[in-house]
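The lines below spell out each chain.
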Amino acid sequence: MAPNDPAIPTDTVDAILTAAVAHGLDGAPEWPSGPFDDDTIRRAVLRAREHRLVGALAEAAFHGAFLLSDEQLALLADYHAGAQSHVLELERALGKVAAVFDAAGVETRVLKGLALARTIYDDPSWRVASDLDLLVPSASFDMAVAMATASHGLDGTQNVVELRPGFDAEFGKEALIRLGDLELDLHRTFVAGPFGHTIDLDELFADSTTFTVAGRTHHTLSPHFQLLHACYNTALGDYPVRLCAVRDLLLCHRRLDADLGAVIETARRWGGLAVVQRAGELIVDAVGPTIAGELRRLAELDVPRRERWLLRAYLTPARSYSRPLASLAVIPGVRARLRYLRAIAVPSRHYLRSRGWTTRTHLRRAIDRLRHD
Amino acid sequence: MTEPSPPTPEAEAVRGHDVLRRSADTLWRRLLGGVLLLAPDMDEPLRLSQPADVLWELLAEAIPFDALVAVLAEAHDVPADVVRNDLTPLVERLLAAGAIVVVRQ
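If you're wondering where the values come from, they're calculated on a predicted model, not measured in any experiment.

(A) Region of the structure containing a negative patch on the surface. On the surface, a cluster of negative charge is contributed by Asp-37, Asp-38, Asp-70 and Glu-71 of chain A. For Asp-37 of chain A, the position within the fold is in the loop between helix H1 (12-22) and helix H2 (38-50).

Structure representation (structure tokens):
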């Protein structure tokens, strides 16, 4: 179920979620005081699960800020333990994937939950994750997918293949690989759509931050790009925004050695001012201007009209179709644009078969979605 | 997740002077009322509920098994022999799974 838009707390569940987003930060709101009825806590835990904030609830309960009855604590403990059991399986998979990729010389940057848990959270126990996200250089992308799906490699399964051969390495955002019960997301860029095409991807591999899991060193983005990626993920990752992304951005800003002004300049250079501006607005909406602190600067940025237009492609339920169309406006070169257009209009039979579609149903589906937007 | 169970027949027997600590290869997370471990030889995560999770805290640094027993006996005001009997199967299971290692015998 898609998470609801964050709003000013009007009931106890909303107040609990708002407290979870800002937990541990200077100026954070007080946690609502109990006693709570069991139904309120059950709804709060389920909402926190949608927003991937169960770790924040557990952290607050662990430190005595979120006071619950024994039964309520047991409910939260079970959800938290289940989520962390999944995370441990993901970390184990990360070790296996890294061993295969390292041996082949495929460079990676770990993104999102697994990296953030180890670099900006006080204790990785308080950050949950659903997938294993790795950024791979475009030049290595096809090889990485091949190794992830090869029987002599990681033996994964790619249920939905690329639109046409070579599409993902040139234009794609990611390839989704099933590794047993886990999902490995091989990313080429931060986001789908136009703002994913204007990122200078080589810059992301020029430097890194390292962290260790079970004795193996992994690389994630440098602090500068971690903060910028947190903006992209907050603004464009899920629609409506998932509150965990808001918490990640707040923590990245407070805990990483990254200069916000420099981040804004990189966003300007990438044509992504609209992205960081939206991230700033979402932060202020979610936690208010006091806790947002310096991140308010993002919300106050002037955004070029063209970027505002591109952003609209993301803010619609039909975004799986509107984003590719908007991408045509930013892909450089006529030939590349034609290759892109051909791929999205006439995907390969292999792709259509993997989705259970025909060319006709693919086009009809796209037109229907865009018409009803 | 599973609760601790008796050691497998292959489990290594722990002796009083064995110095133990966590294995660097073991993944773990703090829980509300316990810890969750995933060692290289475990099929699935193992949940250590209170008070067994204190054992994991103590094993952050190398410590002789006899000292572990003494600390826990004093903390819970229970005879050392009782603690030793309760602790031995769990420690041997953790050793067998590779969650902890003997650093010195």
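There is more to say, and it comes next.
(B) Main features of the environment of Pro-304 of chain A. All names here are of chain A. For Pro-304, the location among the structural elements is in the loop between helix H13 (296-299) and helix H14 (305-312). Residue classification places Pro-304 among the partly exposed residues on the basis of a relative accessible area of 37%. The spacing of Pro-304 and Ser-222 is 82 residues in sequence and 27 Å in space, taken between C-alpha atoms.

(C) Representation of the sheet that holds strand E6 (residues 100-104) of chain B in the model. Residue and element names in this part refer to chain B. The 3 strands are arranged E5-E1-E6 in an open sheet whose pairing can be described as antiparallel. The sheet is open, and its two edges are formed by strand E5 (63-64) and E6, each paired on a single side. Across the sheet, helix H3 (residues 80-97) lies against strand E1 (19-22) and E6, angled at about 95° from E6, the strand it touches most.

(D) Representation of the confidence of the model for chain B within the structure. All names here are of chain B. A residue-level look at chain B finds 89% of positions with pLDDT of 70 or above and a mean pLDDT of 88. Across chain B, strand E2 (residues 27-31) holds the top mean pLDDT of 97, while E6 sits lowest at 91. Segment residues 1-9: pLDDT under 50, and 26 contacts once partners within four positions in sequence are set aside and those in other chains are kept. We note a pTM of 0.91 for the whole complex and an ipTM of 0.88 for its interfaces.

(E) Structural context of the packing of helix H2 (residues 65-76) of chain B against H3 of chain B. Residue and element names in this part refer to chain B. Packing of H2 against H3 brings their axes to within 9 Å, and their N-to-C directions diverge by 125°. Relative to H3, the element H2 lies oblique. For the pair H2 and H3, the crossing hand works out as right-handed. Between H2 and H3, the contacting residues are Phe-65, Asp-66, Leu-68, Val-69, Leu-72 and Ala-73 on the first element and Ala-80, Val-83, Arg-84, Leu-87, Thr-88 and Val-91 on the second. Taken together, the residues of the contact of H2 with H3 break down into 9 nonpolar, 1 polar and 2 charged.

(F) Structural view of the nonpolar core. Ranked by internal contacts, the top residues of the largest apolar core, which has 84 residues, are Phe-66, Phe-195, Leu-204 and Tyr-232 of chain A. In terms of residues, this core owes the most to one element, helix H12 (residues 273-292) of chain A, which gives 11 residues. Setting aside residues up to four positions removed in sequence, Phe-195 of chain A forms contacts with Tyr-232, Leu-236, Gly-271, Gly-272, Ala-274, Val-275, Glu-307, Leu-310, Leu-311 and Tyr-314 of chain A. One finds Val-145, Leu-186 and Val-213 of chain A together with Leu-27 of chain B within the second-largest nonpolar core, a separate group that totals 62 residues.

What counts as what
Residues numbered from 1 in each chain as written. Chains lettered and ligands numbered in written order. Predicted model: local features only at pLDDT ≥ 70, side-chain atom pairs only at ≥ 80, totals over all residues. Heavy atoms only, no water. Patch = residues over 30% accessible without salt bridge, like charges linked within 9 Å, V, L, I, M, F, W, Y side chains within 5 Å. Areas by Shrake-Rupley, 256 points an atom, 1.4 Å probe, with all protein chains shown as cover. Salt bridge = Lys/Arg side-chain N within 4 Å of Asp/Glu carboxyl O. Lys, Arg positive; Asp, Glu negative; His and termini not counted. Charge placed at Lys NZ, Arg CZ, Asp CG, Glu CD. Helix = DSSP H or I, 4+ residues; strand = E, 2+ residues; numbered from the N terminus. Buried < 20%, exposed > 50% of the residue type's maximum accessible area, 1.4 Å probe, protein only. Pairing = 2+ DSSP bridges. Contact = heavy atoms within 4.5 Å. Axes fitted to C-alpha atoms, helices over the stretch in contact; angles between N-to-C directions. pLDDT = per-residue confidence, 0-100. Parallel < 35°, antiparallel > 145°, perpendicular 65-115°, else oblique. Left-handed = near helix turned anticlockwise from the far one by under 90°. Nonpolar A, V, L, I, M, F, W, Y, C, P; charged D, E, K, R; others polar. Core = buried A, V, L, I, M, F, W, Y, C linked by side-chain atoms within 4.5 Å.

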